[in-house]
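Commentary on secondary and tertiary structure
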Amino acid sequence: RFAEEMSRLQLEMSMGGSPDPQKVGQMAEDLYEAEQQWQRMLARMRLADDFQSREYFKVTAAWSERQGESLESVGAMMRWQASAAPLGS
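In this report, we go over the structure that sits alongside the text. Numbering of residues starts from 1 in every chain and runs along the sequence as written. A pLDDT threshold of at least 70 governs which residues receive local features in this predicted model, and a stricter bar of 80 or more applies before side-chain atom pairs are shown or counted, although totals over entire chains, interfaces and linings include all residues. By convention in this description, side-chain values take in all heavy atoms of the structure and omit both hydrogens and water.

Notes on the pattern of salt bridges
- When a carboxyl oxygen of Asp or Glu lies within 4 Å of a side-chain nitrogen of Lys or Arg, that pair is called a salt bridge. Per the stated rule, a full pass over the model turns up four salt bridges.
- In this structure, R8 engages E5 in a salt bridge whose closest nitrogen and oxygen atoms are separated by 2.7 Å. On the criterion of helical spacing, the pair formed by R8 and E5 is a turn pair, its members being three residues apart in helix 1 (residues 2-14).
- In this structure, R79 and E35 form a salt bridge, with 2.7 Å as the shortest nitrogen-oxygen distance. Placement of the pair is R79 in helix 4 (residues 71-84) and E35 in helix 2 (residues 21-46), with a sequence separation of 44 residues.
- For every residue, the accessible area obtained with a 1.4 Å probe (protein chains only) is divided by the maximum for its type, and the residue is called buried under 20%, exposed over 50%, and partly exposed between those limits. The class for R79 is partly exposed, based on a relative accessible area of 37%.
- A relative accessible area of 1% places E35 in the buried class. Strands here are runs of E lasting at least two residues and helices are runs of H or I lasting at least four, both read from the DSSP assignment and numbered beginning at the N terminus.

Here's the deal with helix 1
- The span expected for a helix works out to 1.5 Å for each residue beyond the first. Here helix 1 contains 13 residues, and its C-alpha end-to-end distance of 18 Å stays within 8% of the 18 Å for a straight helix at 1.5 Å per residue.
- Directly beyond the C-terminal end of helix 1, a positive phi value near 85° is found at G16.

Description of the packing of helix 1 against helix 2
- Relative orientation of the contacting elements helix 1 and helix 2 amounts to 145°, with a least axis distance of 11 Å. Seen from above, helix 1 lies across helix 2 with left-handed handedness. On helix 2, the residues that touch F2, E5, M6 and L9 of helix 1 are K23, V24, M27 and L31. A fitted line through C-alpha atoms represents every axis, and for helices the fit uses only the stretch in contact; the resulting angles, taken between N-to-C directions, go from 0 to 180 degrees. Left-handed describes a crossing whose near helix is turned anticlockwise from the far helix by less than a right angle; the clockwise case is right-handed. Note on contacts: a residue pair is in contact if any heavy atoms of the two residues lie within 4.5 Å.

Quick look at the side chain of S70
- Along the chain, S70 turns up in the loop between helix 3 (51-66) and helix 4.
- Among all residues touching S70, those that are not within four sequence positions of it are S64 and E65.

Looking at the packing of helix 2 against helix 4
- One can describe the packing of helix 2 onto helix 4 by two numbers: an axis separation of 8 Å at closest approach and a directional angle of 160°. Taken together, the axes of helix 2 and helix 4 are roughly antiparallel relative to one another. Crossing of helix 2 over helix 4 shows left-handed handedness. Residues A28, L31, Y32, A34, E35, W38, Q39 and L42 of helix 2 form the contact with helix 4, whose own contacting residues are L71, V74, G75, M78, R79, Q81 and A82.
- Residue composition of the contact of helix 2 with helix 4, by class: 10 nonpolar, three polar and two charged. Angle categories: roughly parallel below 35 degrees, roughly antiparallel above 145, roughly perpendicular from 65 to 115, and oblique for all the rest. When residue character is reported, Ala, Val, Leu, Ile, Met, Phe, Trp, Tyr, Cys and Pro are called nonpolar, Asp, Glu, Lys and Arg charged, and the others, Gly included, polar.

The analysis is restricted to geometry; functional conclusions fall outside its scope.
Pasting the structure below:
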């Protein structure tokens, strides 16, 4: 859903339109919640008792590093994007 809304927003702006502040605010709230879920999931994997969850965390971190980002920077970018729009508009 988020990707669809973001595509619509980009299309509207590329045609010279102005985004609906309420939609932008809702998207920011959705992105903020997704970032919070991301952080909780990473913490659960990092602190898990089972080897497979910890291994998956390490594989995810390694893949992220190969893409030129850290898991922390992905979360930081999500927080920054969410804060760039006024929440609750």
